[in-house]
Amino acid sequence: MIDQLKKEVDQGLSTVEKFLPSKYFYDKSGDALFVKIMNLPEYYVTRAEHEIFKTQTYAIIKSLQLDPDIYFDLIELGAGDGLKTKELLRELDRLNYRFDYMPVDISQSALDNLKVDLNKELPSLSIQKKHGDYFEVLELLKENKHPKVILFLGSNIGNMSDAVATDFLSKLSDNLQKKDKLFLGVDLIKPASIVLPAYNDSQGITAAFNLNLLDRINRELEANFDLQFFKHQPEYKESDGIAKSYLVSTKAQQVYIAKINKSFDFFEGEKILMEISRKYNDSILNSILSKTDFTIKGKITDSKAYFANYILER
Ligand code: AVJ
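Basis of the calculations
Residues numbered from 1 in each chain as written. Predicted model: local features only at pLDDT ≥ 70, side-chain atom pairs only at ≥ 80, totals over all residues. Heavy atoms only, no water. Near = heavy atom within 4 Å. Polar contact = N/O pair within 3.5 Å; in protein donor to acceptor, adjacent residues only side chain to side chain. Areas by Shrake-Rupley, 256 points an atom, 1.4 Å probe, with all protein chains shown as cover. Helix = DSSP H or I, 4+ residues; strand = E, 2+ residues; numbered from the N terminus. Nonpolar A, V, L, I, M, F, W, Y, C, P; charged D, E, K, R; others polar. Axes fitted to C-alpha atoms, helices over the stretch in contact; angles between N-to-C directions. Parallel < 35°, antiparallel > 145°, perpendicular 65-115°, else oblique. Left-handed = near helix turned anticlockwise from the far one by under 90°. Contact = heavy atoms within 4.5 Å. Pairing = 2+ DSSP bridges. Core = buried A, V, L, I, M, F, W, Y, C linked by side-chain atoms within 4.5 Å. Buried < 20%, exposed > 50% of the residue type's maximum accessible area, 1.4 Å probe, protein only. Salt bridge = Lys/Arg side-chain N within 4 Å of Asp/Glu carboxyl O.

*Asks:* Is there a simple way to think about the site of the ligand in this case?
*Replies:* Lining the immediate surroundings of the ligand are 13 residues, of which Tyr43, Gly154, Tyr199, Glu275 and Ser277 lie closest. A distance of 2.7 Å separates a nitrogen atom of the ligand from a polar atom in the side chain of Glu275. Burial of the ligand by the protein amounts to 98% of the accessible area it has alone, namely 350 Å². If you list the elements that add at least two residues to the shell around the ligand, you get helix 2 (28-38), helix 10 (205-221) and strand 11 (271-278). Looking at the shell around the ligand residue by residue, the class counts come to six nonpolar, six polar and one charged.

*Asks:* Is there a simple way to explain the packing of helix 1 (residues 2-14) against helix 10 in this structure?
*Replies:* When two helices pack together, their arrangement is given by the angle between the helix axes and by the axis-to-axis distance. Relative to each other, helix 1 and helix 10 sit at 125°, their axes nearing to 12 Å. When the axis of helix 1 is compared with that of helix 10, the two are oblique. In terms of crossing hand, the pair formed by helix 1 and helix 10 is left-handed. Listed contacts from helix 10 to Ile2, Leu5, Lys6 and Val9 of helix 1 are Ile217, Glu220 and Leu221.

*Asks:* Quick question: what am I supposed to make of the packing of helix 2 against helix 10 here?
*Replies:* Between helix 2 and helix 10, the shortest axis-to-axis distance is 10 Å and the interhelical angle comes to 175°. Between helix 2 and helix 10, the interaxial angle falls into the category roughly antiparallel. Contacts between helix 2 and helix 10 involve Ser29, Gly30, Leu33, Phe34, Lys36 and Ile37 from the first element and Ile205, Thr206, Ala208, Phe209, Asn212 and Arg219 from the second. Looking at the contact of helix 2 with helix 10 residue by residue, the classes come out as six nonpolar, four polar and two charged.

*Asks:* Any chance you could explain the sheet that holds strand 8 (residues 242-249) here in plain terms?
*Replies:* Adjacent strands of a sheet form backbone hydrogen bonds with each other and so pair up, either parallel or antiparallel. Here three strands make up an open sheet; going across it, the order is 7-8-11 and the pairing antiparallel. In this open sheet, the two strands that pair with only one neighbour each are strand 7 (230-235) and strand 11. Along the sheet, successive strands turn relative to each other by an average axial angle of 15°, direction set aside. Sheet topology places strand 7 next to strand 8; six bridges connect them, and they run antiparallel. Note that in strand 8 the partner of His232 across the bridge is Leu247.

*Asks:* How do you make sense of the nonpolar core when you look at a structure like this?
*Replies:* Across soluble globular proteins, nonpolar side chains have a tendency to be buried as a group. By size, the foremost hydrophobic cluster in this structure holds 66 residues, and its most contacted members are Tyr101, Phe225 and Ile257. The element that contributes the greatest number of residues to this core is helix 10, accounting for seven residues. Non-local contacts of Phe225, meaning those with residues more than four positions away in its chain, are made with Leu13, Leu214, Ile217, Asn218, Phe230, Val255, Ile257 and Phe266. Met160, Leu182, Leu184 and Leu312 belong to the second largest nonpolar core, which has 29 residues in total.

*Asks:* I would appreciate a short explanation of unusual backbone geometry in the present structure.
*Replies:* Backbone geometry follows two general trends: most residues other than glycine have a negative phi, and most peptide bonds adopt the trans configuration. You will see that Gln65, though not glycine, has its phi angle at about 50°, which is positive. At Lys179, a residue that is not glycine, the phi angle is positive and equals roughly 80°. As for its position among the elements, Lys179 is in the loop between helix 8 (162-174) and strand 6 (181-187). You can call Lys179 exposed: its relative accessible area is 56%.

*Asks:* Help me out: how do you make sense of the environment of Tyr26 in this one?
*Replies:* Following the sequence through the fold, Tyr26 ends up in the loop between helix 1 and helix 2. According to the relative accessible area criterion, Tyr26 is buried, its value standing at 19%. A sequence separation of 36 residues divides Tyr26 from Lys62, and the C-alpha atoms of the two residues are 33 Å apart. Discounting residues that sit within four places of it in the chain, Tyr26 has contacts with Asp31, Phe34, Ile106, Ser107, Phe209 and Arg216.

*Asks:* Is there a simple way to think about the pattern of salt bridges in this case?
*Replies:* Between side chains of opposite charge, a pair can form when the charged atoms approach closely. Scanning all chains against the criterion turns up 28 salt bridges. A salt bridge links Glu270 to Lys18; its shortest N-O distance comes to 2.6 Å. Within this pair, whereas Glu270 is found in the loop between strand 10 (262-266) and strand 11, its partner Lys18 is found in the loop between helix 1 and helix 2, the two being separated by 252 residues in sequence. Lys18 carries the same exposure label as Glu270, and that label is buried. Within the structure, one salt-bridge network assembled from shared partners comprises Lys86, Glu87, Arg90, Asp117 and Glu121.

*Asks:* Would you mind going over the pairing of strand 9 (residues 253-257) with me for this structure?
*Replies:* Looking down a regular strand, the side chains alternate between one sheet face and the other. Residues of strand 9 alternate between two faces, with Gln253, Val255 and Ile257 buried on one and Gln254 and Tyr256 left unburied on the opposite face. Bridge count between strand 9 and strand 10: five bridges; the pairing is antiparallel. Of the residues in strand 10, the one forming a bridge with Gln254 is Asp265. The hairpin formed by strand 9 and strand 10 contains four residues between the paired strands, and Asn261 there has a positive phi angle of roughly 55°.

*Asks:* Help me understand the side chain of Thr166, please; the structure alone is not making it clear to me.
*Replies:* Along the chain, the position of Thr166 falls in helix 8. Classification of Thr166 by relative accessible area gives buried; the value is 14%. Leave out the neighbours within four places in its chain, and Thr166 touches Ile288, Lys291 and Thr292.

Below, the structure written as structure tokens:
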């Protein structure tokens, strides 16, 4: 894990357009900051999808075309705190569906907390935690004892470029069987006046969330990033539909990372791309899916049409 972090940090800071992988946001303090983000007034994403899970639970279950007599695997990529999924788990439990719930997450502590929480609320639920990033767990899906429903919610796919999303969804469908489902949650393209504040909240939580990765590198790789000289700067244009978060170096500076045994130079105004958050519409999703074995079987949106859950079938 640490070797992977070292390698990817070195790579990202050694290229002309510096970047850091956003999957490393989620350490213990990153998880806590993300929980705060999900409750921010400006961060509409989680609320919009939660509304769908709360008010259209039965429509979700119907769209998945589950057979009550057949045991299935419910696999969630990037489960986090499972707040939205719980609405679905409760209803599946109440209707006596038989399944294993397999939450996958990059954060071990998020997984541990989720399991404790679910054991309390739904004691009969069978839970199998899987720790890792999305690509690492693809292999686990090859095992084909049961039909599968994959949940990929929260616009987590938005952190992937279209090329990576295409590659990931192709590999995902290659590891599934015919009729298996992917229930995909995506944030929809909308004006900058709504999207930008979601990544630039007035309390500075999102800024802290981004800066926490520099702090994590300080702690885990013995680096000396001086956080006061990096400024959070999100950008979004409705015409390209991709929110980008940068940390901008506010002066010329050098950062030494002991565990990589290397120094990195920053000029004044130099940016590190920390995260992309791709927003979707039907045509963008269709163009990605056209290179995979998935087809769209349905779509559920919230009352403001901010967010969509697509039902895809292999
Ligand atoms: C969890 C990846 C969907 O991109 O909107 C929230 C993460 N970053 N605020 C997103 C995030 C800054 C979030 N995803």
